[in-house]
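Spelled out from the first residue to the last, the chains are:
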Amino acid sequence: NSDLCDEDDEKLTNGVDSSNFRVGIIRNLCYRRISEILKIFGTSIDFMPYSVRLWTILDPALTQLPGSVVNAQKSPSLLVLLESISSHASLFPLLEQHNLSVIALLKCISFRSKYDVIDRTLRFIDNLLTEGGSIEDNPITDESGTGVIIIRKNLELLITQFSERLQSGKSILNDGPDDVATVNKTFKVNKLECRELSILCRVSALISTQELSKNNAIVEKMC
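Everything quoted here is computed from the prediction, not taken from an experiment.

(A) Seen up close, the nonpolar core. Counting 47 residues, the largest nonpolar core has Ile-125 and Ile-151 as its most contacted members. The dominant element in this core, judged by the number of residues it contributes, is helix α7 (residues 115-129), at 8 residues. Aside from chain neighbours lying at most four places away, what touches Ile-151 is Ile-125, Leu-128, Leu-129, Leu-158, Val-203 and Leu-206.

(B) Quick look at the environment of Val-80. As for its placement among the helices and strands, Val-80 is situated in helix α4 (residues 77-85). Through-space distance from the C-alpha of Val-80 to that of Glu-36 is 9.8 Å; in sequence the pair is 44 residues apart. If sequence neighbours within four positions are ignored, Val-80 has contacts with Ser-35, Ser-75 and Arg-120.

(C) Representation of the pattern of salt bridges in the model. Evaluated as defined, the whole model comprises 6 salt bridges. With a shortest N-O distance of 2.5 Å, Asp-119 and Arg-123 are connected by a salt bridge. With a gap of 4 residues between them, Asp-119 and Arg-123 both fall in helix α7, about one helical turn apart. For Arg-123, a relative accessible area of 30% translates into the label partly exposed. Notably, a salt bridge pairs Arg-165 with Glu-196, separated by 2.9 Å at the nearest N-O pair. Highlighted residues: Arg-165 in helix α9 (residues 155-168) and Glu-196 in helix α10 (residues 182-204), separated in sequence by 31 residues.

(D) How the structure looks around the packing of α7 against helix α8 (residues 146-153). At a minimum axis separation of 6 Å, α7 and α8 run at an interaxial angle of 120 degrees. One way to sum up the angle between α7 and α8 is to call them oblique. Side by side, α7 and α8 meet where Ile-125, Leu-128 and Leu-129 of the first sit next to Gly-147, Val-148, Ile-150 and Ile-151 of the second.

(E) Structural view of the packing of α4 against α7. Contact geometry for α4 and α7: axes closest at 9 Å, N-to-C directions at 20 degrees. Classed by the angle they form, the pair α4 and α7 counts as roughly parallel. Crossing hand, α4 versus α7: left-handed. Facing α4, whose interface residues are Leu-79, Val-80, Leu-82 and Glu-83, α7 presents Val-117, Arg-120, Thr-121, Arg-123, Phe-124 and Asn-127. Here the contact of α4 with α7 is built from residues that sort into 5 nonpolar, 2 polar and 3 charged.

(F) The arrangement of unusual backbone geometry in detail. For Asn-71, which is not glycine, the phi torsion reads 60 degrees and is therefore positive. Note on placement: Asn-71 falls in the loop between α3 (51-68) and α4. Residue Asn-71 is classed as partly exposed on the basis of its relative accessible area of 46%.

(G) Broad picture of the environment of Ile-150. Note that Ile-150 resides in helix α8. The exposure class assigned to Ile-150 is buried, which follows from its relative accessible area of 4%. For Ile-150 and Glu-96, which are 54 residues apart along the polypeptide, the C-alpha to C-alpha distance reads 6.3 Å. Setting aside residues up to four positions removed in sequence, Ile-150 forms contacts with Phe-92, Leu-95, Glu-96, Val-102 and Leu-128.

(H) Focus on α3. The end-to-end C-alpha separation of α3 is 24 Å, in line with the 26 Å expected for 18 residues at 1.5 Å each. Those residues of α3 that sit buried are Ser-51, Leu-54, Trp-55, Leu-58, Ala-61, Leu-62, Leu-65, Pro-66 and Ser-68.

(I) How the structure looks around α8. Along α8, the residues classified as buried are Gly-147, Val-148, Ile-150 and Ile-151. On an axial view of α8, the arc spanned by its buried residues comes to 155 degrees, and they lie on one face.

(J) Layout of a nonpolar patch on the surface. The grouping of Ile-37, Ile-40, Phe-41 and Ile-45 at the surface amounts to a nonpolar patch, some 350 Å² of accessible area in total. The topology assignment puts Ile-40 in helix α2 (residues 18-41).

Cut-offs and rules
Residues numbered from 1 in each chain as written. Predicted model: local features only at pLDDT ≥ 70, side-chain atom pairs only at ≥ 80, totals over all residues. Heavy atoms only, no water. Core = buried A, V, L, I, M, F, W, Y, C linked by side-chain atoms within 4.5 Å. Buried < 20%, exposed > 50% of the residue type's maximum accessible area, 1.4 Å probe, protein only. Helix = DSSP H or I, 4+ residues; strand = E, 2+ residues; numbered from the N terminus. Contact = heavy atoms within 4.5 Å. Salt bridge = Lys/Arg side-chain N within 4 Å of Asp/Glu carboxyl O. Axes fitted to C-alpha atoms, helices over the stretch in contact; angles between N-to-C directions. Parallel < 35°, antiparallel > 145°, perpendicular 65-115°, else oblique. Left-handed = near helix turned anticlockwise from the far one by under 90°. Nonpolar A, V, L, I, M, F, W, Y, C, P; charged D, E, K, R; others polar. Expected span 1.5 Å × (residues − 1). Arc of directions from axis to C-beta. Patch = residues over 30% accessible without salt bridge, like charges linked within 9 Å, V, L, I, M, F, W, Y side chains within 5 Å. Areas by Shrake-Rupley, 256 points an atom, 1.4 Å probe, with all protein chains shown as cover.

Set out below in structure tokens:
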């Protein structure tokens with residue numbers, strides 16, 4: 001699959017020589033395979049015994065992830081992996097144990113991020129808010145759920161990233177491939193922007209009066 005060695009994924013490698021290039025391809029293949037395993041067996045196998053080893057290996061790449069998505073047309077394999085972890089509520093403890101993974105993903109929400117990256121980060125947040133479902137299917141947020149607890153923990157960062165992106169006024173209409181019809185791109189982008197606002201409103205509803213009084217920074221960003 002050519003997606004496994006695209007330029008966006010190679011931003012996570014250290015170097016440009018052929019040896020590092022091959023290492024990068026193998027790394028991305030591993031990310032993809034782990035993503036598939038987690039999606040297939042996430043509800044039937046307890047992956048927590050492997051969590052420390054997993055995050056120890058992924059930490060260097062997590063640190064580089066926000067920079068790797070800048071102007072990337074496709075989501076890096078690591079971002080795909082993180083979304084896979086959010087696809088089952090039974091896997092949320094993995095994210096709860098290692099908050100750096102959530103921080104790295106939320107920092108991908110930027111005015112410099114393109115359609116595919118934003119789409120995938122929104123799916124991640126959507127999954128956490130709905131315990132692995134979707135906002136359309138679960139209009140009422142379970143505030144006691146692990147996913148919402150993770151969102152609350154990173155609330156200020158999430159709102160900051162969303163606010164900076166929306167305030168930039170940058171449209172991602174031209175971010176898609178040139179061979180995609182303009183009408184189709186406009187429809188997809190408009191739908192994506194509606195999802196951004198919907199999720200931001202839903203996240204804002206999680207802010208308690210006590211949190212607002214303690215954290216003026218959140219209020220200022222929302223305004």
